[in-house]
Amino acid sequence: MQRIKIAKTDLSVSPMCMGGCPLGGYGWGDTQREELIGAVQTAFDNEINFFDTADTYGLGESERTLSEALGKNLNDAVIVTKFGVRVENGKTFYDNSREYMNLAIENSLKRLKRDYVDIYLVHYRDGVTPLSVVADSLERLKAEGKIRYYGLSNVYEKDKQELSELKNNGFVCFQDEYSLAQRKNEKDMKLLRDEFQMTPITWGSLGQGILSGKYDKNCKFEKNDRRSRDIYVNFHGEKLLKNLEIVEVLKELAVKYGKSVPSVAIRWIFDYLKGSAVIVGAKTPKQILQNVESLGWNLEKEDVEKLDKISRE
């Protein structure tokens, strides 16, 4: 399989990264543990060696499930996990302090059953701890051998300014929401890629599933599915109707190329946002196999432009 290199590292990874949020077993409707484990194993069997998780996904359950599912292949996988979202006494808040980082990495390593994490990300900035202090703390973990590299997730305007002020920018990658359904971060993602030499990694790459082709204007979700909430705009109001227009074009192209609808949506990111890795969550082996269809081919230029245009209008 094709591999891409994470900037400033020796890591060679599959351009598709399996997202571990559903592995937490919370917030994505009904899930079956056997299916989740099967999805991880199917990904690895199909040469996906890149896996993304976080300590807050299912309050550690995602990390545990990922470790169990990878089994004997655990040390052959490139694993990203995150810290910075802290839950205490039923309250959730952001914490980037050195003290919490040290606690968080130890707990993640125990759940993952590994001695180190390949890439450790700051999940969200806490608005208090300067990035220079965060970077220094991450460098300490790197020197201790607990992490190999580090990066940022959910980057904002202030982060770009602080990155430019760092004497030695050791951040190798960043994650942000990006898809045909959500392009508000595109300018910043290209800037971080081109000016800061950080590898872009997209999350929400199928718009939380709206670009899979499974849903229509009457889609409804159970209360245990986060997409039932208005904050998940891709499934509500005018935004939903716009997304369904994009899906119709995806369906046409899926027929043209003989691919699944979600694989065309993912392929567009690869062909449009060059050098990126794409996170795609999955709850079943079948979803993994559909997503893997995005690899090893390219959209024709006119089709890249067609999707570009309809997703901007």
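The rules we used
- Residues numbered from 1 in each chain as written.
- Predicted model: local features only at pLDDT ≥ 70, side-chain atom pairs only at ≥ 80, totals over all residues.
- Heavy atoms only, no water.
- Helix = DSSP H or I, 4+ residues; strand = E, 2+ residues; numbered from the N terminus.
- Expected span 1.5 Å × (residues − 1).
- Buried < 20%, exposed > 50% of the residue type's maximum accessible area, 1.4 Å probe, protein only.
- Arc of directions from axis to C-beta.
- Contact = heavy atoms within 4.5 Å.
- 1 Å grid on protein atoms, 1.4 Å probe; cavity = no way out; pocket = protein on both sides within 12 Å on 5 of 7 lines; lining within 4 Å.
- Points joined across faces, edges and corners; volume = space filled by probe spheres on them.
- Nonpolar A, V, L, I, M, F, W, Y, C, P; charged D, E, K, R; others polar.
- Pairing = 2+ DSSP bridges.
- Right-handed = clockwise from strand over helix to strand, strands pointing away.
- Phe/Tyr/Trp six-rings, centres within 6.5 Å; stacked < 30°, edge-to-face > 60°.
- Lys NZ or Arg CZ within 6 Å of the ring centre and 35° of its normal.
- Core = buried A, V, L, I, M, F, W, Y, C linked by side-chain atoms within 4.5 Å.
- Salt bridge = Lys/Arg side-chain N within 4 Å of Asp/Glu carboxyl O.

Novice: Where do I start with helix α4 (residues 131-143) in this structure?
Specialist: Because an α-helix packs 3.6 residues into every turn, residues spaced three or four apart end up facing the same way. When the terminal C-alpha atoms of α4 are compared, their 18 Å separation across 13 residues agrees well with the 18 Å that a helix rising 1.5 Å per residue should span. The set of residues buried in α4 consists of L131, V134, A135, S137, L138 and L141. End-on, the buried residues of α4 take up no more than an arc of 160°, which puts them together on one face. Those residues of α4 that are buried lie in contact with α3 (98-112), β8 (117-122), β9 (147-153), α5 (157-165) and β10 (171-177).

Novice: How should I be thinking about the layout of surface pockets in this particular structure?
Specialist: Over the atoms a probe the size of a water molecule is rolled, and this reveals where empty space is left. There is about 200 Å³ of room inside the second largest pocket. Taken together, D55, T56, L59, V85, R86, V87, E88, Y100, L103, A104, N107 and R111 make up the lining of the second largest pocket. Of all elements in the fold, only β6 (85-88) and α3 reach the threshold of two or more residues within the lining of the second largest pocket. For the lining of the second largest pocket, the element with the most residues is α3, which contributes five residues. Across the lining of the second largest pocket, the residue classes break down as six nonpolar, two polar and four charged.

Novice: Is there a simple way to explain the pairing of strand β11 (residues 199-203) in this structure?
Specialist: Put simply, side chains in a regular strand alternate between the two faces of the sheet. When you tally the buried positions in β11, you get four out of five residues, the bulk of the element. Sheet analysis places β10 next to β11, joined by five bridges and oriented parallel. Each bridged residue has a counterpart across the sheet, and for Q175 the counterpart in β11 is I201. Where the polypeptide runs from β10 across helix α6 (residues 186-195) and back to β11, its parallel neighbour, the crossover connection is right-handed.

Novice: So what exactly am I meant to see when it comes to the packing of aromatic side chains here?
Specialist: Geometrically, a pair of aromatic rings is defined through the distance of the ring centres and the angle of the planes. A complete count under the given rule lists six aromatic pairs for this structure. Between the aromatic rings of Y178 and W268, the centroid separation amounts to 6.0 Å while the plane-to-plane angle is 20°, which identifies the pairing as stacked. Of the two residues, Y178 is situated in the loop between β10 and α6 and W268 in helix α8 (residues 261-272); the sequence distance between them amounts to 90 residues. Summarising the burial analysis for this pair, Y178 and W268 share the class buried. One aromatic cluster is present, formed by Y178, W268 and Y272 through successive ring pairs. One cation-aromatic arrangement involves R114 over Y116; the distance from NZ or CZ to the ring centre is 4.6 Å.

Novice: Would you take a moment to explain the nonpolar core for this structure?
Specialist: Considering soluble globular proteins, one finds that nonpolar side chains tend to be buried as a cluster. By size, the foremost hydrophobic cluster in this structure holds 83 residues, and its most contacted members are Y120, F171 and L211. Excluding residues that lie within four positions of it along the chain, L211 makes contacts with S179, L180, A181, S205, L206, I246, V247, L250, V261, P262 and A265. By size, the runner-up hydrophobic cluster in this structure holds 16 residues, among which are L11, C173, I201 and I279.

Novice: Explain the pattern of salt bridges here, please?
Specialist: A side chain with one charge may pair with a side chain of the opposite charge, provided their charged atoms come close. The final tally for this structure, using the stated rule, is 32 salt bridges. One salt bridge connects E162 with R125, and the closest N-O pair in it is separated by 3.1 Å. Here E162, found in helix α5, pairs with R125, found in the loop between β8 and α4; they are 37 residues apart in sequence, far enough to count as distant. R125 carries the same exposure label as E162, and that label is buried.

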